[in-house]
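The residues making up each chain are set out below.
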Amino acid sequence: MALLICLFAALCGVCFAYDLYVNSEANENGADGSEEHPYINIQDAINHAFDDTLPINLPSPSVVINVYTNASGYQENLNLNYMGSNGPHLVSDIIIQSTNNDPEDCAIIAYDSSDPVITLKGTTSSLFKLQGFEIKHSAMVNGVVNRGIFLTLPSGNYGYFNILDINNCIFDNNHLSLEIDSHMFTVNQLKVINSTFSITQHYTSQSYGIKADFAGHGSNVYISGNEFIRNNPNTLESTSVALGSGVANIELYDNLFDNTHIGSTGAGVGYFIHQDVVIRNNRFQDAGIYLARAFGNWLIEQNKFVGLSSAGDRSAITLRGGISSSSYLCSINENTFYNCFQPLEIKFEGNLYLSEYIIAVLSNNSFINCGGVLTLQRLSNMQAASNSVSLYRDNLYYGTSNAPFIVIDEDDNPLVLMGDNRIPVSYSHFSTTLTPTQTSSLILDNTSVSYGNPYITIDESTHSYTLNWDEVIRSPLIMTGYGGIVSPSRYDRLDIGAVQYDEQAHEFINYSFPAYSDRNGLKWMSYPTLDRIWNPATNDPDVAGVFFNPIMNNMVLHDITWKVKDDPQQDIHYSEQLLDWVGDQSHNITPQQGYKIQMAQGLQTPVNIDFPGIIPDVSQYPITIKALPAAKNDPYNQYNDNWLGYFHAETANAEDAFASIIDDLWYIQTQNWTMVREKVMPGSPWIYAMQTGQKPTLSYGDMVIIKCFNDAQFTWNTGADNQIPVEKELTSHYIYTEKADYVPFYVELDADDLPSEVALYVDDVCKGATVVCDSLVEIPGYILDGTDPNAEVEILAYYENKAAVDKVQSYRVWNPGSGAYDNKPLKLNSTDHYYKLKLDKGSDEVPAISEPAISIYPNPFNPSTTIKFGLAEPSDIKLEIYNQKGQLVKCLAQGRADSGWSSIIWNGTDSHNRKVASGLYYSKLSYDGKSITKKMVLMK
């Protein structure tokens, strides 16, 4: 009935696929291939599909042949010839599948062992898929090659085929399980997945699982999830997969090769073609890879090679080049070699060495109980067109040889490499020290190469190993491989070898401490990653005295300050009287704790503390915060500062990071930004200044200070979206001294007249400045130490695209009580946790000046001073510095200046930016053909 319905649909021109059915136990009378009346032979269904007289085949449908299981199997030799007497058949797509998709219950057995079980002859559009069958011969006859599936040429035609797809099949009792005729020109795609090849050895020659050694070009082969097993390893060698010059793209994934090799070789007619080969995540048991007589890009990675342990065995990987005058690259990465006598061999193909060469890259491989690593054959004259290893990095060799690299010339004689032809070896570990003769052929990075016991535990039953890391030992392989920078403080350094330590998340941490010239040597930071496993009894990195020991030099470090919960601040600093470090060096460093670091004034370059460490599990480190200080009678600290470390691996917006307690917070501050509630009351809006669209962020290793309404406990929010860290751009025009504490000044600018930088001045001294990114900016005010509380605050603005002078801006002051701006100057006699100012749009309207004037502060000065000059009316001006001999030192400003007061900083340099000597200098303001001067003294 189904067939009749489909036939009717075909006549209407709407059917493009139909099913046929085969059941060997059905009644052959009236068999038409329908589900009710199936054929008893598979070939009958194939003939049905290729019958071009049937109306059902007119629209060239795809045909699916469903075969019912049969305990005794289908005894027949199938022949699928997609070419008819008058050209290609109407049907070009045929799928043959067993109904239960179990190959052990549905076999196709050759009726005549002299013929293949299945013969295919196709066209450029042919598709054949076979799924869920066992393909085998019942008898092995001397002198006969038993073939499973044979793809060959139609009579009088070139050999073309579109797609050959084998899925979930078993091949048994075949000398050649799947063969593509060597005279085929193109097979567009060969796909073999989830199948088993039990390779039966021929009496006089090699046997093959898959042999696609045809002479064409451009084919794609995908082989994944299969098992290739040689039945009798003691007989002639066999090849599981042989892919010749007709194959351009080869992918072999997740296969098992047991006592049978894979190879990529040129066709017998001598073609050499470009082959891109990917061999990944396969297991080779007493088996290997042989790639030869081709060129291209070869990638061999994440495979396991076990065995081939005798001196007479072939290498696990053999590379032999083609006849290309250009190089081709073979990347061998993350493979593990167990008990292999010779893991890798790179040699010439016959006598073709004068025009071929391979460039090999070896990284993150493990050679366990191997006789060596590599045999490399180069031309004795070491010309460029010769085999080479361009990189050997992050590899582990654990064996007995102190000469794991063998180098020979074209005549197989020992060869010592010279100059850049040597093998570059770095970030690797060898169990024995290399001999001087061996190292002569290497460019050895002694700083990153280690020797001795790698401290690994080998499981011989699974041919695997693990890295040891406990209270007694930390494997020297852990986090000592090559890596790149993930962030300024974190690296992605790998463990040396193919196996990574995975018991706990870990990283190679780099805690960088700044030079004094970088922000006055100050850094707010935390130390979440520490080695909390190895030898804590005698060398506990959690203890401050141990962790900070590498930088505890009074020429490097000034002090370390921290605050635990609601306790007072503590520090470690150098005592000039005691000539020693004082403070709580037994302080326990935890991921939750934040620190302020002040480096020594003489420190010229950054310093680092770096080592492998355990990345903390956020859920295992809850954070307790306190609202009030322990000393509740302290009138200044009405709320407690909580110094916290941020240790979630991903960067998060601050509000998201504190999501579980954000309603309890009213103040969040890092070294680069502050966000504060407008009023110290729950629900009050937050104030912060960022570029449009940005929010303040926290990144791994940051230190943050918070103040809260109530005591609470929380963990960092690991569900927050990962963000790009917000960086702070430092000012280039304004110079100020950064200190350990600051008060945020939020300044609202005229959006139509944004300066490049704005600065906060008190008594003519810059107390902080910022680069302008938006109309609301935050200036860090370093006013908490030694600032006159009665002094007035000035705001200066610098316009890079205008005359190089600063303009004093008038402003109004935000009054949180009234919720409005007051028109009065700001004095610092009341210490608030933030200030908010708004520049007047009429700030250019300054009090009239009767005559030009110059004001210099400080004077005397060192190293810089601010020169302010006032004009009664707009003028063309020139502001210059002269020495006491009357010689011009530097021109600070030249151009049109507005009336009123302007200012500019002189940093004590001449026109070539060289520091001038101490002494008397003159500031000269020229305007409208007149000039005024004022003395100033530079003291050093």
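Please read these numbers as outputs of a predicted model, since none were measured by experiment. (Residues numbered from 1 in each chain as written. Predicted model: local features only at pLDDT ≥ 70, side-chain atom pairs only at ≥ 80, totals over all residues. Heavy atoms only, no water.)

1. Comments concerning the overall build of the chain
Move 1: Tallying secondary structure elements over the chain gives five helices and 79 strands in all.
Move 2: Relative to the 2.2 N^0.38 estimate, which gives 30 Å for 940 residues, the radius of gyration of the chain is 40 Å and therefore markedly larger than a compact globule would have.
Move 3: If one aligns the C-alpha atoms of the chain with their principal axes, the spans along those axes are about 120 × 75 × 65 Å.
Move 4: Sorting the 940 residues of the chain into buried and exposed places 52% on the buried side.
Move 5: Considering only residue pairs separated by 6 or more positions, the chain has 71% of its internal contacts joining residues 24 or more positions apart. (Helix = DSSP H or I, 4+ residues; strand = E, 2+ residues; numbered from the N terminus. Rg over C-alpha atoms; globule rule 2.2 N^0.38 Å. Buried < 20%, exposed > 50% of the residue type's maximum accessible area, 1.4 Å probe, protein only. Contact = heavy atoms within 4.5 Å.)

2. Quick notes on the sheet that holds strand S15 (residues 176-180)
Move 1: Taken in spatial order, the twelve strands of this open sheet run S4-S9-S12-S15-S18-S21-S24-S27-S30-S33-S36-S39, and their pairing is parallel. In the strand order of this sheet, the two ends are held by strand S4 (78-81) and strand S39 (405-408), each with one partner. The mean angle between the axes of side-by-side strands here comes to 5°, regardless of whether they run parallel or antiparallel.
Move 2: Where S4 and strand S9 (residues 118-121) come together, four bridges link them in parallel fashion. Each bridged residue has a counterpart across the sheet, and for Asn79 the counterpart in S9 is Thr119. (Pairing = 2+ DSSP bridges. Axes fitted to C-alpha atoms, helices over the stretch in contact; angles between N-to-C directions.)

3. Section: the sheet that holds strand S69 (residues 806-809)
Move 1: With antiparallel pairing, the seven strands of this open sheet are ordered in space as S66-S65-S68-S69-S77-S74-S73. Looking at which strands have only one partner, the edges of the open sheet turn out to be strand S66 (765-771) and strand S73 (853-857). Within the sheet, the average angular offset between the axes of one strand and its neighbour, ignoring direction, is 30°.
Move 2: Pairing geometry for S69 and strand S77 (residues 900-906), over two bridges, is antiparallel.

4. Some remarks on the pairing of strand S10 (residues 127-131)
Move 1: Counting buried positions along S10 yields four of five residues, so the element is predominantly enclosed.
Move 2: One ladder, built from five bridges, connects strand S7 (residues 93-98) with S10; its direction is parallel. Across the sheet, the residue bridging to Ile95 is Lys129, located in S10.
Move 3: Inspection of the sheet shows S10 paired to strand S13 (residues 159-167) by five bridges, in the parallel sense. When the sheet's bridge partners are listed, Leu127 is paired in S13 with Ile163.

5. Points about the side chain of Asn520
Move 1: Of note, Asn520 is situated in the loop between strand S48 (506-513) and strand S49 (522-526).
Move 2: Asn520 gets classed as buried once you look at its relative accessible area, which sits at 16%.
Move 3: At 2.8 Å, the side chain of Asn520 forms a polar contact with the backbone oxygen of Glu738.
Move 4: Leave out the neighbours within four places in its chain, and Asn520 touches Gln598, Thr737 and Glu738. (Polar contact = N/O pair within 3.5 Å; in protein donor to acceptor, adjacent residues only side chain to side chain.)

6. Observations concerning the confidence of the model for the chain
Move 1: Here the chain averages 88 in pLDDT, and 91% of its residues register 70 or above.
Move 2: Contacts of residues 1-15 to residues separated by more than four positions or lying in other chains number 21 contacts, the stretch itself having pLDDT below 50.
Move 3: A low-confidence stretch, residues 267-271 (pLDDT under 50), is modelled with eleven contacts involving residues beyond four sequence positions or located in other chains. (pLDDT = per-residue confidence, 0-100.)

7. Points about the nonpolar core
Move 1: The biggest cluster of nonpolar side chains holds 99 residues, and the ones touching the most others in it are Ile118 and Phe128.
Move 2: In this structure Ile118 touches Leu78, Leu80, Ile108, Phe128, Leu130, Ile135, Gly148, Ile149 and Phe150, once residues within four positions along its chain are discounted. (Core = buried A, V, L, I, M, F, W, Y, C linked by side-chain atoms within 4.5 Å.)

8. Quick look at the state of the cysteines
Move 1: Within the structure shown, the criterion is met by zero disulfides.
Move 2: As a non-bridged cysteine, Cys766 has Cys773 as the owner of its nearest cysteine sulfur, 17 Å distant.
Move 3: The exposure class of Cys766 is buried, given its relative accessible area of 9%. (Disulfide = S-S within 2.5 Å.)

9. Some details on the side chain of Asp559
Move 1: Along the chain, Asp559 falls in strand S50 (residues 557-562).
Move 2: It turns out Asp559 is buried and unbridged, and the closest side chain with the opposite charge, Lys596, is 9.7 Å from it.
Move 3: In this structure the side chain of Asp559 is engaged in a polar contact, spanning 2.5 Å, whose partner is the side chain of His558.
Move 4: Each residue touching Asp559, except ones within four places of it in the same chain, is listed here: Ile572, His573, Lys596, Ile597 and Gln598. (Lys, Arg positive; Asp, Glu negative; His and termini not counted. Salt bridge = Lys/Arg side-chain N within 4 Å of Asp/Glu carboxyl O.)

10. So, unusual backbone geometry
Across the chain, the bulk of peptide bonds are trans and the bulk of non-glycine residues have phi less than zero.
Move 1: Residues Asn862 and Pro863 are joined by a peptide bond in cis, for which omega reads 5°.
Move 2: With respect to the helices and strands, Pro863 occurs in the loop between S73 and strand S74 (865-871).
Move 3: One non-glycine residue, Glu334, adopts positive backbone phi at about 60°.
Move 4: Along the polypeptide, Glu334 turns up in the loop between strand S31 (328-333) and strand S32 (336-338).
Move 5: For Glu334, a relative accessible area of 35% puts it in the partly exposed group.
Move 6: Within the chain, Arg519 stands out as a residue other than glycine whose phi angle is a positive 55°.
Move 7: Topologically, Arg519 is positioned in the loop between S48 and S49.

11. What to know about the pattern of salt bridges
Move 1: Applying the stated criterion across every chain, the model contains 14 salt bridges.
Move 2: Residue Arg280 pairs with Glu301 through a salt bridge whose shortest N-O separation is 2.4 Å. Separated by 21 residues along the polypeptide, Arg280 in strand S25 (residues 276-280) and Glu301 in strand S28 (residues 297-301) bring together distant segments of the chain.
Move 3: We classify Arg280 as partly exposed; its relative accessible area is 21%.
Move 4: With a closest N to O distance of 3.9 Å, Asp711 and Lys626 form a salt bridge. Of this pair, Asp711 sits in the loop between strand S62 (703-708) and strand S63 (712-714) while Lys626 is found in the loop between strand S55 (623-625) and strand S56 (642-645), placing the two residues 85 residues apart along the sequence.
Move 5: For Asp711, a relative accessible area of 48% corresponds to the partly exposed category.

12. As for the packing of aromatic side chains
Move 1: In this structure the tally under the stated criterion is 45 aromatic pairs.
Move 2: On the basis of an interplanar angle of 70° and a centroid distance of 6.3 Å, the ring pair of Phe548 and Tyr595 is categorised as edge-to-face. Residue Phe548 is located in the loop between helix H4 (544-547) and S50, and its partner Tyr595 is located in strand S53 (residues 594-599); the two are separated by 47 residues in the primary sequence. No difference in accessibility class separates Phe548 from Tyr595, as the two residues are buried. (Phe/Tyr/Trp six-rings, centres within 6.5 Å; stacked < 30°, edge-to-face > 60°.)

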